[in-house]
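Remarks on the overall topology
Take a look at the letters that make up each chain.
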Amino acid sequence: MEATYDLFTIKTQCMNFLNYTYLGIDKTSRKAFVVDPSWDVSQMIRILDSHEATVTAVLLTHSHFDHTNMVKKLELLYRPTVYISKTEADYYKYRCNRLRTVEDMDLIRIGDSRITCLVTPGHTQGSVCYWGQDHLFSGDTVFIEGCGLCDSSGGSAEDMFNSIHRLIRLIPPSTRVYPGHSFGDPPGKEMSYLYKNNLYFQIDDINHFVKFRNRKNNARLLDFK
């Protein structure tokens, strides 16, 4: 099935933080969605203008500032609907002017494009992965090389284990994964690549997983690429 939207990967930086933002433009309506707008919207605006498109939806995988800091600017420029999970909004008191909360398996429509919301707690209480056609926008739940930290407020390594194994069951191996950060591997690797190369996908015992994820000697916490 031919994709109903064109996808653009945008890399942004502020100090030590390197984030990935994703822009999808529906081919028929020219309506666009943005996943986790961070640090700089100038690249995004150039793409939108060159494609005569406008942002109608902002999809937030979670509420951490490095994934949400450009929301207000996009609200002023385009007046989009901003989506985040109800659990995330309630637990962290996240608010913005045009907020709409979603539940697990809700469907978001942007023109002819359809995005499925998958609530995947672990990094935060109400983290969401957005599944659009052959793309999984995974935020800080799943990276190509690992998974997000679970030791901040609302995080849970037990929840992360369950979320990862749910994704393994649900997402087809050919689906390409687009996380919020890279630690070396570029975004867009297939799920089948993660099966073989992401250690957290290979741990079947929850107690082993929790102990390893919560270890204190991880030296690469902010080693973004």
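In what follows, the accompanying structure is described. (Residues numbered from 1 in each chain as written. Predicted model: local features only at pLDDT ≥ 70, side-chain atom pairs only at ≥ 80, totals over all residues. Heavy atoms only, no water.)

**Let's talk about unusual backbone geometry**
Although it is not a glycine, Trp39 adopts a positive phi angle of roughly 65 degrees. Mapped onto the elements, Trp39 comes out in the loop between β3 (31-35) and α1 (42-50). Here the phi dihedral of Glu52 falls at roughly 50 degrees; this positive angle occurs in a residue that is not glycine. In this structure, Glu52 sits in the loop between α1 and β4 (54-59). (Helix = DSSP H or I, 4+ residues; strand = E, 2+ residues; numbered from the N terminus.)

**Some points on the sheet that holds strand β2 (residues 17-26)**
One open sheet holds the 6 strands; their spatial order is β1-β2-β3-β4-β5-β6, and the pairing between them is mixed. Sheet topology places β1 (5-14) and β6 (99-102) at the edges, where each strand pairs with a single neighbour. The sheet shows a mean angle of 25 degrees between the axes of neighbouring strands, taken without regard to direction. Where β1 meets β2, 10 bridges bridge the pair, whose relative direction is antiparallel. Residue Leu7 lies in a different strand from β2, and its bridge partner there is Gly24. Here helix α3 (residues 71-78) sits on the sheet and contacts β3, β4 and β5 (81-85); the angle it forms with β4, its principal contact strand, is near 150 degrees. (Pairing = 2+ DSSP bridges. Axes fitted to C-alpha atoms, helices over the stretch in contact; angles between N-to-C directions. Contact = heavy atoms within 4.5 Å.)

**Here we look at the packing of helix α5 (residues 157-170) against helix α7 (residues 206-213)**
Close contact between α5 and α7 brings their axes to 9 Å; oriented N to C, the two are set at 120 degrees. Judged on the interaxial angle alone, α7 and α5 are oblique. For the pair α5 and α7, the crossing hand works out as right-handed. Along its contact with α5, which presents Ala157, Glu158, Met160, Phe161, Asn162 and Ile164, the element α7 presents Ile206, Phe209, Val210 and Arg213. Among the residues forming the contact of α5 with α7, the class breakdown is 7 nonpolar, 1 polar and 2 charged. (Parallel < 35°, antiparallel > 145°, perpendicular 65-115°, else oblique. Left-handed = near helix turned anticlockwise from the far one by under 90°. Nonpolar A, V, L, I, M, F, W, Y, C, P; charged D, E, K, R; others polar.)

**A look at the side chain of Glu88**
With respect to the element layout, Glu88 can be found in helix α4 (residues 86-92). Buried and without a salt bridge, Glu88 has Arg95 as its closest oppositely charged side chain, separated by 11 Å. A polar side-chain atom of Glu88 sits 2.9 Å from the main-chain amide nitrogen of Gly126. Glu88 has contacts with His62, Ser63, Lys93, Thr124, Gln125, Gly126 and Ser127, leaving out every residue within four places of it along the chain. (Buried < 20%, exposed > 50% of the residue type's maximum accessible area, 1.4 Å probe, protein only. Lys, Arg positive; Asp, Glu negative; His and termini not counted. Salt bridge = Lys/Arg side-chain N within 4 Å of Asp/Glu carboxyl O. Polar contact = N/O pair within 3.5 Å; in protein donor to acceptor, adjacent residues only side chain to side chain.)

**A short note on the packing of aromatic side chains**
Inspection of every chain in the model, using the stated rule, returns 14 aromatic pairs. Consider the rings of Tyr20 and Tyr22, whose centres lie 6.4 Å apart with planes at 10 degrees: the pair is stacked. Residue Tyr20 is classed as buried on the basis of its relative accessible area, which comes to 9%. Aromatic pair Tyr91 and Tyr92: ring centres 4.7 Å apart, planes at 70 degrees, arrangement edge-to-face. Classification of Tyr92 as partly exposed rests on a relative accessible area of 22%. By way of ring pairs, the aromatic residues Tyr5, Tyr20, Tyr22, Phe33, Phe137 and Tyr178 are connected into one cluster. Seen from the ring of Tyr193, Lys189 lies directly overhead, with NZ or CZ sitting 4.7 Å from the centre. For Arg215, the ring lying beneath its charged end belongs to Phe212, and the centroid distance is 3.9 Å. (Phe/Tyr/Trp six-rings, centres within 6.5 Å; stacked < 30°, edge-to-face > 60°. Lys NZ or Arg CZ within 6 Å of the ring centre and 35° of its normal.)

Remember, this is a structural readout, not a statement about activity or role.
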